[in-house]
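Next come the chains, spelled out residue by residue.
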Amino acid sequence: MPLSPRIPRLCLLLTVFASSCRPPDRVEVEQYRKLFRDEPEPKAGLTDQQRFAENMAQQLLTWKTPEGWRYVSATEFRHINFTFGPPGEGECYLSVISGEGAGVLDNFNRWRKQMGLPPMSETEMEQLPSKTILTRPAPTIDLTGKYAAGSGPMMQASGAPKENWRMVGSIFEAPGALFTIKMTGPKDLVEQNLKAYDAFLASIVPGVAPEPR
């Protein structure tokens, strides 16, 4: 299952002393965030991104937000999250599925179901075009249909399916995890953002972790 937050929090305390003839002013700036599941104790030397990451994916990866996209806060199932388009109809997000979750084919077929399309076979999946993410091959689907977000009860609660919607999604495997990236929106809007999607995939690199201390 995707990583989820828990109650303990991390605090960064910054103390600034102003130098002058009078007694120095002391300014405290406090920032908090929830620890996410399995997060180790914070180490010295963390970058701001690593210190205030919303989840493990944000702590382990760095990326560039494509021009015209807006970064939005992560959710339980959307670990790196964007919207695009004037009304914010377009969405793109990266999720990390750790442990023994569904495989690549299962996830692709779940996405196909969201678009009102029948499942694909293993042979059909092997014929999909592939992109490269973090030097790993990432089979990619490109679907058009009636989009209903979620699955099962979540799909039923999402409202009426959205006509003439498009989905582009890539999945790559890493030891112990699946990384899924999915972009959805009105067909024409997704078409306009295909280069931005590719730019986002190409920008993903491992985060620079501090040396253990």
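Everything here concerns the structure above.
As the structure is a computational prediction, the values presented were derived from the model and not from experiment.

About the cut-offs
- Residues numbered from 1 in each chain as written.
- Predicted model: local features only at pLDDT ≥ 70, side-chain atom pairs only at ≥ 80, totals over all residues.
- Heavy atoms only, no water.
- Phe/Tyr/Trp six-rings, centres within 6.5 Å; stacked < 30°, edge-to-face > 60°.
- Helix = DSSP H or I, 4+ residues; strand = E, 2+ residues; numbered from the N terminus.
- Buried < 20%, exposed > 50% of the residue type's maximum accessible area, 1.4 Å probe, protein only.
- Pairing = 2+ DSSP bridges.
- Axes fitted to C-alpha atoms, helices over the stretch in contact; angles between N-to-C directions.

Trainee: I would appreciate a short explanation of the packing of aromatic side chains in the present structure.
Mentor: Between two aromatic rings, the relevant description is the distance of the centres plus the angle of the planes. For the structure on display, the rule yields eight aromatic pairs. Look at Trp-69 and Phe-82: their rings are 5.5 Å apart centre to centre, the planes differ by 55°, and that puts the pair in the tilted class. With Trp-69 in strand β4 (residues 69-72) and Phe-82 in strand β5 (residues 80-84), this residue pair connects regions lying 13 residues apart in the sequence. Trp-69 gets classed as buried once you look at its relative accessible area, which sits at 6%. We classify Phe-82 as buried; its relative accessible area is 0%. Judged by centre distance (5.7 Å) and plane angle (75°), the rings of Phe-108 and Trp-111 are edge-to-face. Within this pair, Phe-108 and its partner Trp-111 are both found in helix α3 (residues 104-114), separated by three residues, close to a single helical turn. Judged on exposure class, the residue Phe-108 and its partner Trp-111 are both buried.

Trainee: Explanation requested: the sheet that holds β4 in the structure shown.
Mentor: By definition, the strands of a sheet pair up through backbone hydrogen bonds, in either a parallel or an antiparallel sense. Strand order in the open sheet made by the seven strands is β4-β5-β6-β10-β9-β8-β7, with antiparallel pairing throughout. Looking at the sheet topology across the chains shown, the edges are occupied by β4 and β7 (130-133). Each strand of the sheet is rotated relative to its neighbour by a mean of 25°, with strand direction disregarded. Pairing between β5 and strand β6 (residues 90-98): five bridges, direction antiparallel. When the sheet's bridge partners are listed, Ile-80 is paired in β6 with Leu-94.

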